[in-house]
Amino acid sequence: MAIEHIVIVGGGTAGWMAAAALSRLRKNRELAITLVESEEIGTVGVGEATIPPFVDFQTLLEIDESEMLAAVQGSFKLGIQFVNWGNVGESYIHPFGNYGYQMGGLSFHHIWHHAKSRGDNRPIQVFNAETMAAYFGKFAKTDDMKRDDLPPINYAYHINATAYAAFLRKYAEARGVVRTEGKVADVRLDAETGFVTSIALENGPEIAADFFVDCTGFRGLLIEQALETGYEEWTHWLPCNRAVALPCNRDDGAPPPPFTKATAHKAGWQWQVPLQHRNGNGHVYCDAYMSADEATDILIANIAGKPTADPNHLRFITGRRKKFWNKNVVALGLAAGFMEPLESTSIHLINTGINKLIALLSLDGVNEAQQASFNRLTAKEYEKIRDFLILHYNATRRDDSDFWNYCRTMSVPDSLTEKVELFKMNGQIFREDDELFTETSWAAVMMGQGISMNGHNAMAATLDQAETHKELDEIEKSIRFLVQHMPAHGDYLARYCPAKAA
Ligand SMILES: Cc1cc2nc3c(=O)[nH]c(=O)nc-3n(C[C@H](O)[C@H](O)[C@H](O)COP(=O)(O)OP(=O)(O)OC[C@H]3O[C@@H](n4cnc5c(N)ncnc54)[C@H](O)[C@@H]3O)c2cc1C
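Residues numbered from 1 in each chain as written. Predicted model: local features only at pLDDT ≥ 70, side-chain atom pairs only at ≥ 80, totals over all residues. Heavy atoms only, no water.

1. Section: the site of the ligand
- Around the ligand, the structure places 35 residues, and the nearest of them are Gly11, Ala49, Val184, Leu334 and Ile347.
- Between the ligand and the protein, one listed contact pairs an oxygen atom with a backbone N or O atom of Gly11 at 2.8 Å.
- Contact with the protein chains covers 97% of the free accessible surface of the ligand, which is 1,000 Å².
- Class assignment for the residues of the shell around the ligand results in 17 nonpolar, 14 polar and four charged.
- Both domains that meet at the shell around the ligand, namely domain 1 (5-47 + 160-230 + 317-366) and domain 2 (60-154 + 242-315 + 396-502), each give it at least three residues. (Near = heavy atom within 4 Å. Polar contact = N/O pair within 3.5 Å; in protein donor to acceptor, adjacent residues only side chain to side chain. Areas by Shrake-Rupley, 256 points an atom, 1.4 Å probe, with all protein chains shown as cover. Nonpolar A, V, L, I, M, F, W, Y, C, P; charged D, E, K, R; others polar. Domains from an automatic or database assignment.)

Here it is as structure tokens:
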């Protein structure tokens with residue numbers, strides 16, 4: 001059956017990202033796209049830290065970066081600072097971008113480790129531009145420096161999620177997406193095929209379509225409530241199941257840091273996402289180890305300014321939908337699954353879901369091969385990210401609470417055990433199936449949380465040592481030069497994308 005009408009149900013970040021991207025399919029053809037959302041139900045209202053591929057999403061949509069950032073009170077993000085994870089009092093940065101660069105086909109951390117074994121005591125962080133810029137609160141883009149001998153700067157954004165959805169709504173509506181306000185009361189299925197044929201709005205019309213995108217958040221109105229797709233739960237490995245969010249103002253005058261901060265507490269962790277006019281804050285925790293009142297008290301005691309809203313309490317179950325594409329429904333965003341906001345991967349998974357959907361979608365109809373590919377590729381993406389997240393909880397020396405004792409001693413997937421064992425032995429990290437996180441990401445978190453490399457690739461010793469030493473010096477020097485010449489992050493925002501007062 002040809003696809004002439006696509007209905008997106010849900011107008012949170014997922015719904016409007018899908019609407020904006022799919023609106024581009026309307027160019028030069030008849031394709032109706034409707035987005036249904038309910039103001040009464042509202043959105044989840046959190047999800048403000050992103051990772052670098054999100055920058056590419058804006059580019060693909062030909063969105064003007066400074067205009068978008070001004071509209072969403074956005075700031076730049078060079079990585080995440082993790083505090084109290086390896087142990088209380090410790091801190092490290094997981095940066096975007098790489099440590100150094102490959103030499104002789106070897107990843108930089110092998111070269112660094114070999115140099116270290118020969119007495120070079122420089123920490124690996126001095127070989128990463130994003131880490132050093134983050135430490136000094138600086139920001140610039142690669143193109144701003146107008147030199148091609150300096151390392152590139154990899155960045156993402158912090159965004160006001162509600163303002164971003166509103167920004168994309170304008171974009172999508174300008175390209176012909178029709179928004180319908182209303183609460184979906186019923187989802188109708190074809191008796192023979194089980195395909196969704198229409199949605200019925202409470203006190204409103206029935207909307208028929210050929211293809212549906214379920215962006216209804218945790219409810220999974222179409223993918224789960226109507227199609228009963230099933231959910232694979234990962235609470236054994238990712239036990240946090242609650243969050244309390246509480247934004248605060250930035251009246252202390254301190255400039256917004258160019259990084260997200262993730263501070264571990266006794267039964268979870270707290271995020272700080274600095275926007276231009278406020279900080280997004282929240283405490284993710286496990287209700288088997290902490291009450292909502294205690295989690296809220298800890299959050300209030302650890303935020304930098306006055307709260308600008310009431311605490312928003314959220315519940316979730318970590319895991320993923322058994323199928324992300326089922327019959328003529330694709331689930332995106334929280335309707336597809338949720339794995340913890342720790343590495344800001346949810347909006348990214350919306351983005352990659354949209355990319356795959358556009359690549360696989362045929363307006364001639366739906367077939368098994370599309371669904372199988374979408375589901376297999378997405379499941380792999382989720383699993384790779386899951387392992388990386390588990391690492392943060394499991395690789396800890398914390399023994400100050402029942403929660404950390406559980407995380408430190410829980411069984412983990414074999415795929416993760418293998419990864420950690422290889423790294424310990426000789427620093428080897430295999431990046432499999434186009435997984436999202438790079439060797440630098442894995443090395444940063446493993447070393448940051450106290451997993452040591454006990455050796456390195458044997459080929460490191462075969463490189464010309466004097467030449468290698470010179471290159472290390474040059475990398476360090478060029479990063480120092482770059483960071484010295486960058487403006488302060490706050491000054492950059494004020495010049496490039498100042499937001500109107502909130
Ligand atoms: C605590 C927490 C922190 C997070 N932090 C991050 C982060 O830092 N970075 C990141 O990438 N991601 C983060 N996420 C995930 C991120 O918030 C989501 O991926 C993102 O907001 C997308 O949500 P959504 O659009 O899927 O769902 P929602 O925002 O819940 O939107 C659902 C939409 O469906 C509509 N709807 C539902 N039912 C009906 C109905 N019956 N009829 C009509 N409409 C309906 C609602 O009105 C709404 O418009 C976080 C999530 C949580 C829980």
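Don't stop here, the text continues.
2. As for the sheet that holds strand β19 (residues 319-321)
- The antiparallel open sheet is built from three strands, whose spatial order is β12-β19-β22. Either end of the sheet is taken by a strand with one partner, and the two such strands are β12 (231-233) and β22 (337-338).
- When β12 meets β19, the two strands line up antiparallel, connected through three bridges. Bridge pairing links Glu233 to Gly319 in β19. (Pairing = 2+ DSSP bridges. Helix = DSSP H or I, 4+ residues; strand = E, 2+ residues; numbered from the N terminus.)

3. Thoughts on the layout of surface pockets
- There is about 530 Å³ of room inside the second largest pocket.
- If you trace the second largest pocket, you find 26 residues lining it, with Phe96, Gly97, Asn98, Glu130 and Asn154 closest to the centre.
- Looking at the lining of the second largest pocket, the elements that each hand over two or more residues are β5 (91-95), α5 (129-135) and α14 (465-484).
- Top contributing element to the lining of the second largest pocket by residue count: α14, with five residues.
- Residues belonging to the lining of the second largest pocket are distributed by class as follows: 14 nonpolar, eight polar and four charged. (1 Å grid on protein atoms, 1.4 Å probe; cavity = no way out; pocket = protein on both sides within 12 Å on 5 of 7 lines; lining within 4 Å. Points joined across faces, edges and corners; volume = space filled by probe spheres on them.)

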